[in-house]
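Breakdown of the fold
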Amino acid sequence: MTSQTIGNSTTRSAQATDFRKVLTYFFKKHNPSSVSKVDKLLNRYEGKESKLMLLLAKKYDCSNPLNRVFIDSVCEANCDASNDEYYLALTTLYLSIFYPQDANQAEALCATYKGKEEEMYKKLSSNFHAINPLKMKKKNFGRRRRIDLRETHRLQKSSDRFL
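Within any chain, residue numbers begin from 1 and follow the written order of that chain's sequence. For this predicted model, a pLDDT threshold of at least 70 governs which residues receive local features, and a threshold of 80 or more governs which side-chain atom pairs are given and counted, while totals over whole chains, interfaces and linings are taken from all residues. To obtain the side-chain values, all non-hydrogen atoms of the structure were included, while hydrogens and water were left out.

Turning our eyes to something else, we now look at the side chain of Asn-31. Its location among the elements puts Asn-31 in the loop between helix H2 (19-30) and helix H3 (38-44). Identification of polar contacts relies on pairs of N or O atoms within 3.5 Å, with a donor-acceptor requirement for protein atoms, meaning one able to donate a hydrogen and the other able to accept it, and with residues adjacent in sequence counted only if both atoms are side-chain atoms. Of note is the side chain of Asn-31, whose polar atom sits 2.7 Å from the side chain of Ser-33. At 2.9 Å, the side chain of Asn-31 and the side chain of Tyr-60 are in polar contact. Not counting the four nearest positions on each side in its chain, Asn-31 is found in contact with Phe-26 and Tyr-60. A helix here means a DSSP run of H or I that spans at least four residues, while a strand means a run of E at least two residues long, and both kinds are numbered starting from the N terminus. Whether two residues touch is decided by their heavy atoms; if any such pair falls within 4.5 Å, the residues are in contact.

Right, here's the structure in full:
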């Protein structure tokens, strides 16, 4: 495998996403009266936080609150956009954030949509009310965190502990 990078699986898989912070920010923007319910919701959806974020995106007809987590996790990859390893790493990261229980399906998904990655991400972004990474502007691929492709397999195996 190459040393191509996309995000930081080591940091993301070792540390919990701060759902309290994500949810508080979301409610401050969309329903300030619900900020006081953040802890209750997090307790109710413990282990299913990504599902909660999707439900909220649907309820408030807005983008998934985890978009910021995804954007913060990606960085510019110096590779050809048609590179299979790039798509596998990006898909693993994407699923790990938006649908962690299926992060281990990234390889099968990439194989099914080989050569049709735009179609795949169009469907995924629609299903999860999430950002389409292929439509992100280069400036959004910040110099924040990095992921070595060797880490994607570890990330897939630990996807149930990811968020």
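Having seen the structure, we can now continue with the description.
Under the convention used throughout, the expected extent of a helix is 1.5 Å for every residue step, that is, one less than its residue count. The end-to-end C-alpha distance of H2, which contains twelve residues, comes to 16 Å, matching closely the 16 Å that a straight helix rising 1.5 Å per residue would cover. The elements touched by buried residues of H2 are H3, helix H4 (49-59) and helix H5 (67-73).

Right, let's get into the nonpolar core. We call a set of buried residues a nonpolar core when its members are Ala, Val, Leu, Ile, Met, Phe, Trp, Tyr or Cys and they connect through side-chain atoms within 4.5 Å of each other. Buried residues are those whose accessible area, probed at 1.4 Å on protein chains only, stays under 20% of the maximum for their type, while exposed residues exceed 50% and partly exposed ones sit between those limits. Grouped together as the largest cluster of nonpolar side chains are 38 residues, with contacts concentrated most on Leu-23, Leu-66, Phe-70, Tyr-94, Phe-98 and Phe-128. Mapped onto this core, the elements with two or more residues apiece are H2, H3, H4, H5, helix H6 (84-98), helix H7 (106-112) and helix H8 (117-128). Element by element, the count of residues in this core is highest for H6, at nine residues. In this structure, Phe-98 is in contact with Ser-50, Asn-64, Leu-66, Asn-67, Phe-70, Phe-128 and Ala-130, ignoring residues within four places of it in sequence.

Our focus in this paragraph is H6. Given a rise of 1.5 Å per residue, 15 residues ought to cover 21 Å, and the 21 Å separating the end C-alpha atoms of H6 matches this to within 8%. Buried residues dominate H6, accounting for 13 of its 15 residues. Capping the start of H6 is the job of one residue whose side-chain oxygen sits 2.8 Å from the backbone nitrogen of Glu-85: Asn-83.

At Asp-61, a residue that is not glycine, the phi angle is positive and equals roughly 50 degrees. Positionally, Asp-61 belongs in the loop between H4 and H5. Judged by relative accessible area, Asp-61 falls into the exposed class, the value being 66%.

A few words now on a positive patch on the surface. A cluster of basic residues, Lys-37, Lys-40, Arg-44, Lys-48, Lys-51 and Lys-59, forms a positive patch at the surface. Of all the elements in the fold, those that place two or more residues in the positive patch are H3 and H4. Along the chain, Lys-40 turns up in helix H3. Only residues whose relative accessible area exceeds 30% and that form no salt bridge are eligible for patches; like-charged ones are grouped when within 9 Å, while nonpolar side chains (Val, Leu, Ile, Met, Phe, Trp, Tyr) are grouped when within 5 Å. Only the protein chains shown count as cover for residues, with accessible areas throughout obtained via the Shrake-Rupley method and a probe of 1.4 Å. Here, a salt bridge means any side-chain nitrogen of Lys or Arg that lies within 4 Å of a carboxyl oxygen of Asp or Glu. Note on charges: Lys and Arg go in the positive column, Asp and Glu in the negative column, and His and the chain ends are not counted at all. Here the site of a charge means NZ on Lys, CZ on Arg, CG on Asp, or CD on Glu.

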